[in-house]
Amino acid sequence: MKTLIVETANPKILGELVSVSRIFGETPDIVVLGLGDLPGSYGEAYRISDTLGANAGAALSELIRQKGYELILLSATAVGSGIAGPLAVRLGAPILSEVTGVTDDLTIERALYGSKAVARYKMESGPLVLTIKRKYFEATVLEGKAETVDLPVGPQKLELLEEIEEEHRGIPLEDAEVIVTGGRGIGGGDNFATLNDMAALLNGAVGATRGAVDEGWMPPGAQIGQTGKIVAPSVYFAVGASGASQHLAGISNAKCVVAINKDNEANIFKRARFGIVGDYKKAVPALINILKESV
Ligand SMILES: Cc1cc2nc3c(=O)[nH]c(=O)nc-3n(C[C@H](O)[C@H](O)[C@H](O)COP(=O)(O)OP(=O)(O)OC[C@H]3O[C@@H](n4cnc5c(N)ncnc54)[C@H](O)[C@@H]3O)c2cc1C
């Protein structure tokens with residue numbers, strides 16, 4: 001099946017999309033968006049210097065029609081999601097978003113009902129647009145550097161004025177081997193200081209549930225879950241977090257989950273390997289003391 005990847009030159013995201021294309025047994029073509037060296041090797045490689053779907057859409061749909069691509073792979077990031085929907089409409093193609101699984105018989109999986117269910121779809125005929133959820137496919141390591149042919153972009157409809165990186169201290173959540181996450185049960189932004197102390201002793205990072213982010217206690221970049229970051233640490237502490245399915249969707253590959261919650265019926269205890277039923281204000285300082293003694 002003739003496959004086209006549309007993505008920026010980010011090697012990890014590209015690597016995941018290349019892995020998906022290989023499940024379909026294809027060497028994909030690519031349209032790389034924006035600037036930067038393109039890692040990997042492809043059938044044909046094109047470049048559109050603009051990462052905004054509103055500007056790149058016409059050139060993309062033109063190329064896809066001309067070349068007859070049957071499968072268009074994007075990542076379920078802000079860039080990919082911004083392009084995928086309007087592109088599918090231009091092509092009159094169906095779209096499946098946030099895909100979490102793909103098999104070589106063209107069965108495609110994605111989550112439903114706040115990640116409580118998995119739905120399977122079968123592709124009958126192309127073209128089909130897929131956005132692939134981050135971290136569900138092992139990234140292919142991309143060797144070498146591909147030359148690209150520039151595709152002309154139509155009139156600019158949106159202009160990117162500025163990109164502002166979120167301030168971040170310490171280890172990035174996605175790389176941390178230990179994560180201490182606080183939920184609404186933490187009770188206030190200042191109370192996160194104790195979770196910071198605990199994470200620092202464990203050389204880990206601090207995450208948050210959407211409950212804590214909605215309260216303004218932690219920045220949106222700290223949110224873990226279906227609409228936040230996907231993490232897979234060795235140890236994951238869920239403190240004052242109820243364990244909603246949308247939160248659990250972000251930690252399905254965490255090895256050892258430890259829950260601290262004063263409600264013994266909280267859903268998080270169904271996911272946790274170890275659980276402490278109690279007030280975190282007692283449990284966390286006690287853990288910190290033990291950690292200090294053992295360092
Ligand atoms: C489309 C959609 C997407 C979503 N995406 C996400 C997502 O990506 N990530 C996410 O996290 N959520 C997400 N949510 C929200 C999710 O459904 C829950 O509302 C949210 O996870 C709840 O956050 P919480 O566990 O912090 O808060 P709560 O559900 O309010 O739980 C707080 C917990 O703290 C406990 N507690 C209270 N005080 C203490 C104390 N002193 N000591 C110990 N425990 C205490 C309570 O017993 C309770 O279990 C999404 C929802 C929707 C609809």
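Above this text is the structure in question.
Here the residue numbering is sequential within each chain, running from 1 through the sequence in written order. Given that this is a predicted model, residues contribute local features only at a pLDDT of at least 70 and side-chain atom pairs are listed and counted only at 80 or more, while totals for whole chains, interfaces and linings are drawn from all residues. Each side-chain value is worked out from all heavy atoms of the structure, with water and hydrogens disregarded.

(A) Quick peek at the overall build of the chain. Per the secondary structure count, the chain includes eight helices and 16 strands. By its C-alpha atoms, the chain is 65 × 40 × 35 Å across when sized along the principal axes. Per-residue burial for the chain yields a buried fraction of 47% across its 295 residues. Residues are treated as being in contact if the distance between any of their heavy atoms lies within 4.5 Å. A separation of at least 24 residues holds for 62% of the contacts in the chain among residues at least 6 apart in sequence. Carbon together with sulfur atoms contributes 50% to the accessible area of the chain, which is approximately 15,000 Å² in total. For the purpose of charge, His is not counted, nor are the chain termini; Lys and Arg are scored as positive and Asp and Glu as negative. Taken as the charge location is NZ of Lys, CZ of Arg, CG of Asp or CD of Glu. Averaging the locations of the 28 positively and 35 negatively charged side chains of the chain gives two centres separated by 6 Å. Helical segments are the DSSP runs of H or I of at least four residues, strand segments are the runs of E of at least two, and each set is numbered from the N terminus. Partly exposed describes any residue whose relative accessible area lies between the buried limit of under 20% and the exposed limit of over 50%, with all areas from a 1.4 Å probe on protein chains only and scaled to the type maximum. Residue-level accessible areas treat just the shown protein chains as cover; the underlying method is Shrake-Rupley with a 1.4 Å probe.

(B) Spotlight on the site of the ligand. Contacts to the ligand come from 24 residues, most closely from Arg184, Thr209, Thr227, Ser242 and Asn261. Glutamine 223 has a polar side-chain atom sitting 2.9 Å from an oxygen atom of the ligand. By the criterion applied in these results, polar contacts are pairs of N or O atoms within 3.5 Å in which, for protein atoms, one can donate a hydrogen and the other can accept it, and in which residues neighboring in sequence qualify only through two side-chain atoms. Contact distances for the ligand include 3.0 Å between an oxygen atom and a backbone N or O atom of glycine 240. Protein burial of the ligand: of its 990 Å² of free accessible surface, 75% is covered by the chains. Near is defined per residue: the residue qualifies when any heavy atom it owns lies within 4 Å of the molecule or strand.

(C) Region of the structure containing the pattern of salt bridges. Salt bridges, as used here, are contacts in which a Lys or Arg side-chain nitrogen is within 4 Å of a carboxyl oxygen on Asp or Glu. Throughout the structure, instances matching the rule amount to seven salt bridges. The salt bridge partner of glutamate 44 is lysine 67, with a shortest N-O separation of 3.2 Å. With glutamate 44 in the loop between strand E3 (38-39) and strand E4 (45-48) and lysine 67 in helix H2 (residues 53-67), this residue pair connects regions lying 23 residues apart in the sequence. Judged by relative accessible area, lysine 67 falls into the partly exposed class, the value being 30%. Ionic pairing is found between lysine 122 and aspartate 105, a salt bridge with its closest N-O pair at 4.0 Å. Highlighted residues: lysine 122 in strand E8 (residues 117-122) and aspartate 105 in the loop between strand E6 (95-102) and strand E7 (107-112), separated in sequence by 17 residues.

(D) Structural view of helix H8 (residues 280-294). Here the expected length of a helix is defined as 1.5 Å per residue gap, with one fewer gap than residues. The terminal C-alpha atoms of H8, which comprises 15 residues, lie 20 Å apart, in line with the 21 Å expected from a rise of 1.5 Å per residue. Along H8, the residues that are buried comprise Tyr280, Ala283, Val284, Ile288 and Leu291. One side of H8 carries all its buried residues, which in axial view fall inside an arc of 130 degrees. Residues of H8 that are exposed and point over 90 degrees away from its buried face: Lys281, Lys282, Ile290, Lys292 and Glu293. In this structure, the buried residues of H8 make contact with helix H4 (192-201), strand E14 (235-239), strand E15 (256-261) and strand E16 (274-277). Regarding H8, its N-cap is aspartate 279, as a side-chain oxygen of that residue lies 2.8 Å from the backbone nitrogen of lysine 281 further along. This arc corresponds to the set of directions leading from the helix axis out to the C-beta atoms.

(E) Local environment of the pairing of E8. In the sheet, E7 pairs with E8 via six bridges, with the strands oriented antiparallel. Looking at E8, one finds that leucine 112 is bridged to alanine 117. One bridge is not enough; two strands pair if DSSP finds at least two bridges between them.

(F) Spatial organisation of the pairing of strand E12 (residues 178-182). Counting buried positions along E12 gives five out of five residues, so the element sits mostly inside the fold. Here E12 shows no split at all, with Val178, Val180 and Gly182 on one side and Ile179 and Thr181 on the other all buried. Here E12 runs beside E14; their pairing, made up of five bridges, is parallel. Residue pairing in the sheet places isoleucine 179 in a bridge with tyrosine 236 of E14. Crossover E12 to strand E13 (residues 205-208) through H4 is right-handed. Classification remark: right-handed applies to a crossover when, strands pointing away from the viewer, the course from the first strand over the helix to the second runs clockwise.

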